[in-house]
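# An overview of the molecular structure
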Amino acid sequence: MYFDHDQNFFESDSDIEDDDFNDLMVMIAFPRRQRNFRQRADHFTHWRDDEFFDRYRLSKTSVRFIINLIGDRICSRTDWNHAVSSEHKVLLTLRYYATGSMLVVCGDFIGVHKSTASRIVKLVSHEIALLRPLFVHFPNNEMEIKQVKQDFYNIAKFPLVIGALDCTHVKIRSPGGDNAEMYRNRKSFFSINVQTICDANLKIQDIVARWPGSSHDSTIFNNSAIRGKFERGEMQNCLLVADSGYAQRDFVMTLVGNPGSLIDPASGITAAAVDKYNESLIRTRNTVERSYGVWKRRFPILATGINVKRTSSQSIIVATAVLHNIACEFKEGIPRVTTAVESSIRITDFNNPGDAISRNAVQNSTRRKLLRYFANV
């Protein structure tokens, strides 16, 4: 017998022995699962080039390039262990982008638990998104600006175009909370309305991925930094082409919805000139629609739905835009997708409703100059 100073009562040695015996019986009846250290496959050597591309949507060269850019940062974190190499972290994240599957499925592909897969996707997506200034930007000098304008001109002879502007919806799960319904779009699913400006080669030059699905395209543009750059005169002699969901401005060219108000034979603006202008603008602006198709086919998660938190969804959207531009730099092909994914992509395609913006026939000096130009083409 002895006295327990903490609990102030006497306890016998036999009671302690009984407790130890019970603990031993529990350990025998329910033994701890033996730790199993499995060798992870080297996916770069395991798969042929075409098989690797189908599974990760990028070539081995592009993936190695990405690993070289962020490998040190994703392995220098001290908040969790380094049992997973930088290669496997990047491949797991790409697999998630390529399939849109549950995280437990993507974790099984590499051999990690769902919670580890979730942390990996969040970390890698954040680090890739931080590469945005390097890969998602407008031309940096006069020579690059001239080349972008020439590439657009080669499509349908529309001059001075620096980018094609539009928005697309990326499907997400309900963000929850009091403002969840703000993310429900007019097709009744939750989404983020993402604004992009692309060049003639389908590369994304600017992206805004923070507005809920109920937001109108023109609202996003009116509050964007790129509009400020044009209005401050930082983009001299440059134009954007857009659809009828945007207001006509000196630097944003839209379709002429009411040709009669602009026809002026005395100044050289004829009906034929308006038709040529509209046709050229449609063909030139089509590049941004094509970029969305390629972007979502390369990373189907953008169409099938991102099933993580809203803040992580925004990182994933920007990260896939960076990866899309890297793929364009390496002249990657367009991956194949299933019929179900094609259907999901079509569902996330939106056409702006024919509102008052599309019917206006705003006259400004830039548009009239372009109409006179098309009268002589």
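Everything numeric in this text was worked out from a predicted model, so none of it was measured.

### Digging into the packing of aromatic side chains
Tallying each qualifying case throughout the model produces 14 aromatic pairs. For the pair Phe221 and Tyr246, a centre-to-centre distance of 6.1 Å together with 90 degrees between the ring planes defines the contact as edge-to-face. Taken together, the residues Phe221 in helix H10 (residues 217–222) and Tyr246 in the loop between strand E6 (239–241) and strand E7 (252–253) connect sequence positions 25 residues apart. Here Phe221 and Tyr246 have matching classes, each one buried. Their ring planes at 35 degrees and their centres at 6.5 Å tell us that Tyr292 and Trp295 sit as a pair that is tilted. Pair noted here: Tyr292 and Trp295 are both in helix H12 (residues 271–298), with a separation of three residues, about one helical turn. On the basis of relative accessible area, Trp295 is assigned to the buried category, the value being 1%.

### Considering empty space enclosed by the protein
Throughout the structure, instances matching the rule amount to one cavity of 30 Å³ or more. Put simply, the largest cavity is a space of about 50 Å³. Taken together, Asp166, Cys167, Thr168, His169, Glu289, Tyr292, Thr348, Asp349 and Phe350 form the lining of the largest cavity. Of all the secondary-structure elements, those providing two or more residues to the lining of the largest cavity are strand E3 (161–171) and H12.

### Concerning the sheet that holds strand E5 (residues 204–212)
One open sheet holds the five strands; their spatial order is E5-E4-E3-E6-E7, and the pairing between them is mixed. The sheet is open, and its two borders are formed by E5 and E7, each paired with just one other strand. Running over the sheet, helix H9 (residues 142–156) touches E3, strand E4 (191–198) and E5 and is turned about 75 degrees from E3. The strands touched by helix H14 (residues 310–329) within the sheet are E3, E4 and E5, with E5 carrying the most contacts at an inclination of about 165 degrees.

### A look at the side chain of His324
Its place among the elements puts His324 in helix H14. A distance of 2.8 Å separates the side chain of His324 from the backbone oxygen of Leu202, its partner in a polar contact.

Conventions we followed
Residues numbered from 1 in each chain as written. Predicted model: local features only at pLDDT ≥ 70, side-chain atom pairs only at ≥ 80, totals over all residues. Heavy atoms only, no water. Phe/Tyr/Trp six-rings, centres within 6.5 Å; stacked < 30°, edge-to-face > 60°. Helix = DSSP H or I, 4+ residues; strand = E, 2+ residues; numbered from the N terminus. Buried < 20%, exposed > 50% of the residue type's maximum accessible area, 1.4 Å probe, protein only. 1 Å grid on protein atoms, 1.4 Å probe; cavity = no way out; pocket = protein on both sides within 12 Å on 5 of 7 lines; lining within 4 Å. Points joined across faces, edges and corners; volume = space filled by probe spheres on them. Pairing = 2+ DSSP bridges. Contact = heavy atoms within 4.5 Å. Axes fitted to C-alpha atoms, helices over the stretch in contact; angles between N-to-C directions. Polar contact = N/O pair within 3.5 Å; in protein donor to acceptor, adjacent residues only side chain to side chain.

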